[in-house]
Amino acid sequence: MAQPRALDGIRVVDFSWVRAGPWATRWLGALGAEIIKIEWPDNERGRLPSSTTPQGMEVNLNTSGNFNDTNVNKKSLTLNVRTPKGLEIVRRLVGVSDIVIENFSSRVLRKWGLGYEELRSIKPDIVYVSMSGYGHTGRNHHYTTFGPVAQAASGLTHLSGLPGQPPAGWGWSYMDDTGGMYGAMCALTGLYYRNMTGQGQHIDQSQMVSSVPLNGPALLDFTVNGRGSRRAGFPPGNRAHWPGTPLLNNYRGPTVAPHNAYRTHPGDYNDWAVIVCHTDGEWRALVGAMGEPDWARAEKFATAGGRLEHQEELDANIERWSMTLGKYELTERCQAAGIRAMPVQSAEDRVEHDPQLRHREMYSPLAHPALGAHKAQNAPFKLSATPAFNHAASPMIGEHTREIVEGLLGYSSADLRAGFEDGTFWPATRARFAYLEEMLG
Amino acid sequence: MSGADANGGPLAGLRVLELADEKGQFCGKLLGDLGADVVKIEPPGDEPCRHVGPFLDDRPHPERSLSFWYYNTSKRGITLNLTTADGRALFRRLAAGADVILETFRPGYLASLGLGYEALRADNPALVMCALTPFGQTGPWRDYLSADLLHMAAGGLMASCGYDDADVPNAPPIAPGGGNAWHMGGHYAYMGIMAALVYRSVSGQGQYVDTSIHEACALTTESAVANYVYRGEVLRRQTGRHHAAAPTPPTQFPAKDGKYVTALISGGLNPRNVKALAEFLDVYGMAEDLRDPKYQDPKVIAANTAHIIDGVLRRFIASLPAEEVYHAAQERGFTWGAVRAPEDLLDDAHLADRGFWKQVEHPELGRSFTYPGEAAIFNGSPWRISRRAPLIGEHNDEIYYGELGLSRAELGVLAENGVI
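Residues numbered from 1 in each chain as written. Chains lettered and ligands numbered in written order. Predicted model: local features only at pLDDT ≥ 70, side-chain atom pairs only at ≥ 80, totals over all residues. Heavy atoms only, no water.

Student: Can you help me understand the interface of chain B and chain A in this one?
Tutor: Size of an interface, as often reported, equals the accessible area lost when the parts are brought together. Contacts between the two partners involve 157 residues from chain B and, on the opposite side, 150 residues from chain A. In total, about 13,200 Å² of surface goes out of reach between chain B and chain A, with carbon and sulfur atoms giving 63% of it. At the surface where chain B touches chain A, the tally comes to 6 salt bridges. Of the charged contacts, one joins D204(A) and R354(B) as a salt bridge, the two residues approaching to 3.0 Å between their closest N and O atoms. (Contact = heavy atoms within 4.5 Å. Buried area = accessible area lost by both parts, 1.4 Å probe. Salt bridge = Lys/Arg side-chain N within 4 Å of Asp/Glu carboxyl O.)

Okay, here's the thing in structure tokens:
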């Protein structure tokens, strides 16, 4: 007998697009909820433009690799919500669903006649999670974000870089993924509360606002001690403290050395490892792992204070050793001796070379009709009674329109065909994919 | 384990036992701020997170760690020594009445004390137990030691962050700061716990949630894995913007006041948004030649990208303070942001409008302090800090005497024997 899923029987109306919203509903789907993703081919920015279509394959609405990984576990209903027929279908869908999620700018859904009060009139206990850029209240509610803008405006970009240089920032949309996590966290919390009390609610989650609490200790250093982080030595690159600058906590843990990234053999672009020693004992273990070099026996490195003060010399010497080893060999050797060390891994490293992710089956292939079979990312938790797993590759656009409109909502085949002719389920002037023609019979 | 309280947060009525260090205290904070009754169990006399700065008035002390204060709001605190038989017996009594247990010990440790999930569920079949560890409960790296920097490296995050060679030659990959590895682990642990609680709310059944911080981090790199899986690309680090297979135009520009602005042109440069940009810059007399009709030709735009972005746009941003550029651009529909330091957020009017900043009392100090508030607004069941972080053993009396019914004499003996 198949194991139950944590969200068996839960249905989500998913208006979300691009990354943050879809990342949230991806997890709800992995947990077993039925995700009905409402799409429209003329403005599916999660599908097009695509920079992740395999070389040599036609770029179209169904061949974005990143869309595929982001949207596993979902069904696609193409629907023009801005028509009376489309709106009526959405209303009927909400009536048989538990959660509504969207990540438009504030007030878009309300303008369509689908604000929380409307949704509640259709389904009193609906859990509505809006995932906007800046939230639904506050004078900047209409501002727009991508991850990099939320990261900039919230202080997260400022945490990343070398002192005295421009920010390095985050090389991807950390807050799209993290915003997505908050969307899922809010949906699950709202669902739990509904199950316990019978009450739904509107949860106003937003990318920029969710970013700010991630700066907690830095914020308290300012509000409590009056100390800001625009200061010499901040951010300290990969270190806990930048030598020659005031000795202050830099909000990433205890102030120790060594704490840095070091080049490894053979010195290619991602041949780096990181090493951190929290105690004198861990330092002595590192000295042993390095073969007891003479330089390491100097008194000045024996204490935490000494290692911090002489960190440049310390790091230069460690790197002369680390350059003789591959990053995985260095990691094994250090960890075997109780030293904190890890390789700097690229995406390829994670997928192909990381033995732990392989053991935990982090990447499993899923077959997709247009893209073929490719590895998709799995959940980072193992639930003993209700495992989370990817059960379906991402949908082709509009693939489930018939299943939902006829099967779930009870419209007739004639209604379905009429809706394709009159622009409700597909733009009247746009060519249809073969599978849509087949679906219409 | 009573029903939810309509005036409290969405998790009101839930009892959580937290045995967590830096790896799990943030997840416990989320549960507590959302209304759960989180009881933080610390080893008597030595919880390492209390020794992490910054400290109140820069005076190190276990009750003055601002990092501990932040990550342990809304929790009650007790001390308990699990290495003693009395300690383990008390823990079993607490576990029998708990809804959730969150722990960050090395894999196998609690089981070795007879306090693993299999033992505890016997007295409490509805228990949800979450182990949040660096690499999970099984596998070749299971017993490896970690740190925030190590997770940023192994998780793939560092490989994407850094500098253009022109800005900082031979720069290393850069790990963004702020302890975000623990945040990523905490977010997914929270998700796993809530999924288990939703299932429990309909089935009555608990379960074990094995969460890996390494996997949480490895998942949080947007399209990097897809870029590799579908195109085999190596992405290269660039200053203040996305990694890319081939160099892309800059998006981070210095403003007049020395702060930076992140200015993205959504969808890339095309006739429509070049026109919009020109109109915006023209208000300040900084449009230069952008209003020339030649820029309605996409080929001309493509041939002049460096001039438009690295020339005209850069000079415009350099002419004004960062906040002014940010708000003026956003009001015109441009998705731009000022690069702020965390302290700048205290002046943000939008956050003030939303009541984001909260006063949290520290009665033993006779002071209140401003804390950041909720990450999202739950309009039906508030997300809010209910109290400051606990003092060491602050609620020993309330819980051992008040709830478990031990006498004060028994508590005295336990304290003398190092059990609490």
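Structure's up, so let's keep going.
Student: Looking at this structure, how should I read empty space enclosed by the protein?
Tutor: To find leftover empty space, a probe the size of one water molecule is rolled over the atoms. Applying the stated criterion to the full structure yields 5 cavities of 30 Å³ or more. Of the pockets and cavities examined, the largest cavity occupies roughly 80 Å³. Looking at the largest cavity, the residues that line it are Y182(A), P213(A), F26(B), K29(B), L30(B), D33(B), Y70(B), P372(B), G373(B), E374(B), A375(B) and W383(B). If one sorts the elements of the lining of the largest cavity by residue count, helix α1 (residues 25-33) of chain B sits on top with 4 residues. Considered as a void within the structure, the second largest cavity measures approximately 60 Å³ in volume. (1 Å grid on protein atoms, 1.4 Å probe; cavity = no way out; pocket = protein on both sides within 12 Å on 5 of 7 lines; lining within 4 Å. Points joined across faces, edges and corners; volume = space filled by probe spheres on them. Helix = DSSP H or I, 4+ residues; strand = E, 2+ residues; numbered from the N terminus.)

Student: Would you take a moment to explain the pairing of strand β2 (residues 37-42) of chain B for this structure?
Tutor: Residues in a regular strand project their side chains so that they alternate between the two faces of the sheet. Residue and element names in this part refer to chain B. Judged by how many residues are buried, β2 sits mostly within the fold: 5 of 6 residues are covered. As paired elements, strand β1 (residues 15-19) and β2 share 4 bridges and run parallel to each other. Directly across from E18, in β2, lies its bridge partner K40. Handedness of the crossover is the feature at issue here: the chain leaves β1, passes through α1, returns alongside β2, and the resulting connection is right-handed. Sheet analysis places β2 next to strand β3 (residues 75-79), joined by 5 bridges and oriented parallel. Within β3, the residue paired with V39 across the bridge is R76. (Buried < 20%, exposed > 50% of the residue type's maximum accessible area, 1.4 Å probe, protein only. Pairing = 2+ DSSP bridges. Right-handed = clockwise from strand over helix to strand, strands pointing away.)

Student: I'm lost on the packing of aromatic side chains in this one. Help?
Tutor: Two descriptors summarise a pair of aromatic rings, namely the distance from one centre to the other and the angle between the planes of the rings. All names here are of chain B. All chains considered together, the criterion is met by 35 aromatic pairs over all chains. Both rings, one in F105 and one in Y109, keep their centres 4.9 Å apart while their planes meet at 45 degrees; by these two values the pair is tilted. Looking at F105, the relative accessible area reads 28%, which means it is partly exposed. Every member of this aromatic cluster is reached through a ring pair, and the members are F280, Y284, F316, F334 and W336. Across from the ring centre of Y401, 3.8 Å away, lies the NZ or CZ of R408, which sits over that ring. (Phe/Tyr/Trp six-rings, centres within 6.5 Å; stacked < 30°, edge-to-face > 60°. Lys NZ or Arg CZ within 6 Å of the ring centre and 35° of its normal.)

Student: How should the side chain of S50(A) be read in this particular structure?
Tutor: Residue and element names in this part refer to chain A. By secondary structure assignment, the location of S50 is in the loop between β2 (34-39) and α2 (65-70). Within the structure, S50 has its side chain in polar contact with the backbone nitrogen of T52 (distance 3.2 Å). Side chain to side chain, S50 and T53 meet in a polar contact 2.7 Å long. In contact with S50, not counting residues within four places along its chain, are V59, T63 and S64. (Polar contact = N/O pair within 3.5 Å; in protein donor to acceptor, adjacent residues only side chain to side chain.)

Student: What exactly am I supposed to notice about the sheet that holds strand β9 (residues 252-254) of chain B here?
Tutor: Either a parallel or an antiparallel arrangement is found when strands of a sheet pair, and the pairing is made through backbone hydrogen bonds. Residues and elements named next belong to chain B. Strand order in the open sheet made by the 3 strands is β9-β10-β11, with antiparallel pairing throughout. The open sheet has two free edges, formed respectively by β9 and β11 (336-339), since each of these has just one partner strand. Averaged over all pairs of adjacent strands, the angle between their axes in this sheet comes to 25 degrees, without regard to strand direction. Alignment of β9 against strand β10 (residues 260-263), held across 3 bridges, turns out to be antiparallel. Residue pairing in the sheet places F253 in a bridge with V261 of β10. Against the sheet, helix α12 (residues 305-318) engages β9, β10 and β11, with an angle of about 50 degrees to β9. (Axes fitted to C-alpha atoms, helices over the stretch in contact; angles between N-to-C directions.)

Student: Help me understand the side chain of K40(B) in this model?
Tutor: Residue and element names in this part refer to chain B. With respect to the helices and strands, K40 occurs in strand β2. Residue classification places K40 among the buried residues on the basis of a relative accessible area of 1%. Separated by 2.6 Å, the side chains of K40 and E18 make a polar contact. Those residues in contact with K40, other than ones at most four positions away along the chain, are E18, A20, Q25, F68, N72, K75, R76, G77 and I78.

Student: How should helix α3 (residues 84-95) of chain A be read in this particular structure?
Tutor: Along an α-helix, residues three or four positions apart point the same way, because every turn accommodates 3.6 residues. Residues and elements named next belong to chain A. An ideal rise of 1.5 Å per residue puts 16 Å on 12 residues; α3 measures up with 17 Å between its terminal C-alpha atoms. The set of residues buried in α3 consists of G86, I89, V90, L93 and V94. Seen along its axis, α3 keeps its buried residues to an arc of 140 degrees; they face one direction. In the core, the buried residues of α3 are packed alongside β1 (11-14), β2, β3 (74-78), β4 (99-102), α5 (116-122) and α16 (401-408). (Expected span 1.5 Å × (residues − 1). Arc of directions from axis to C-beta.)

Student: Would you take a moment to explain unusual backbone geometry for this structure?
Tutor: The general pattern is negative phi for most residues beyond glycine and trans for most peptide bonds. Residue and element names in this part refer to chain A. Going from F234 to P235, the amide bond is cis rather than trans, its omega being -5 degrees. As for its placement among the helices and strands, P235 is situated in the loop between α9 (216-225) and β7 (259-263). Phi at Y251 takes a positive value of approximately 65 degrees, unusual for a residue other than glycine. Along the chain, Y251 turns up in the loop between α9 and β7. Overall, Y251 belongs to the buried group, its relative accessible area being 6%.

Student: What exactly am I supposed to notice about helix α9 (residues 224-231) of chain B here?
Tutor: Buried residues dominate α9(B), accounting for 7 of its 8 residues. All of the buried residues in α9(B) are A224(B), V225(B), A226(B), N227(B), Y228(B), V229(B) and Y230(B).

Student: How do you make sense of the packing of helix α6 (residues 147-154) of chain A against helix α7 (residues 174-197) of chain A when you look at a structure like this?
Tutor: Two quantities define a packed helix pair, namely the angle between the axes and the distance from one axis to the other. Residue and element names in this part refer to chain A. α7 packs onto α6 with a crossing angle of 90 degrees between their chain directions and a minimal axis gap of 6 Å. With respect to their mutual orientation, α6 and α7 come out roughly perpendicular. Side by side, α6 and α7 meet where G147, A150 and Q151 of the first sit next to Y174, M175 and D176 of the second. Split into classes, the residues belonging to the contact of α6 with α7 amount to 3 nonpolar, 2 polar and 1 charged. (Parallel < 35°, antiparallel > 145°, perpendicular 65-115°, else oblique. Nonpolar A, V, L, I, M, F, W, Y, C, P; charged D, E, K, R; others polar.)

Student: It is not clear to me how the packing of helix α1 (residues 20-30) of chain A against α7(A) should be interpreted in this structure. Could you clarify?
Tutor: Residues and elements named next belong to chain A. One can describe the packing of α1 onto α7 by two numbers: an axis separation of 7 Å at closest approach and a directional angle of 45 degrees. Of the possible angle classes, the one that applies to α1 and α7 is oblique. When the axes of α1 and α7 are compared, the crossing they make is right-handed. Contacts from A20, W23, A24, W27 and L28 of α1 reach α7 at D176, D177, G180, M181, G183, A184, A187 and L188. Tallied by class, residues from the contact of α1 with α7 come to 9 nonpolar, 2 polar and 2 charged. (Left-handed = near helix turned anticlockwise from the far one by under 90°.)

Student: What should I look at first to understand the pattern of salt bridges in this one?
Tutor: Pairs can form between side chains of opposite charge once their charged atoms are near each other. In this structure the tally under the stated criterion is 59 salt bridges over all chains. Here D344(B) and R230(A) are joined by a salt bridge, their closest N and O atoms 2.3 Å apart. You can see D344(B) sitting in the loop between β11 and α14 (349-353) and its partner R230(A) sitting in the loop between α9 and β7, one on each of two chains. Overall, the relative accessible area of 15% leaves D344(B) in the buried class.

Student: Help me understand the sheet that holds β1(A), please; the structure alone is not making it clear to me.
Tutor: Spatial strand order, β3(A)-β2(A)-β1(A)-β4(A)-β5(A)-β6(A)-β14(B): 7 strands in an open sheet with mixed pairing. Of all strands in the sheet, those with a lone pairing partner are β3 of chain A together with β14 (376-378) of chain B, marking the two edges. Averaged over neighbouring strand pairs, the angle between their axes works out to 20 degrees when direction is ignored. In this sheet, strand β5 (residues 127-132) of chain A lies alongside β4(A) in parallel orientation, the contact comprising 4 bridges. When the bridges of β5(A) are listed, I99(A) appears paired with V127(A). Sitting on the sheet, α3(A) is in contact with β1, β2, β3 and β4 of chain A, with an inclination near 165 degrees to β2(A).

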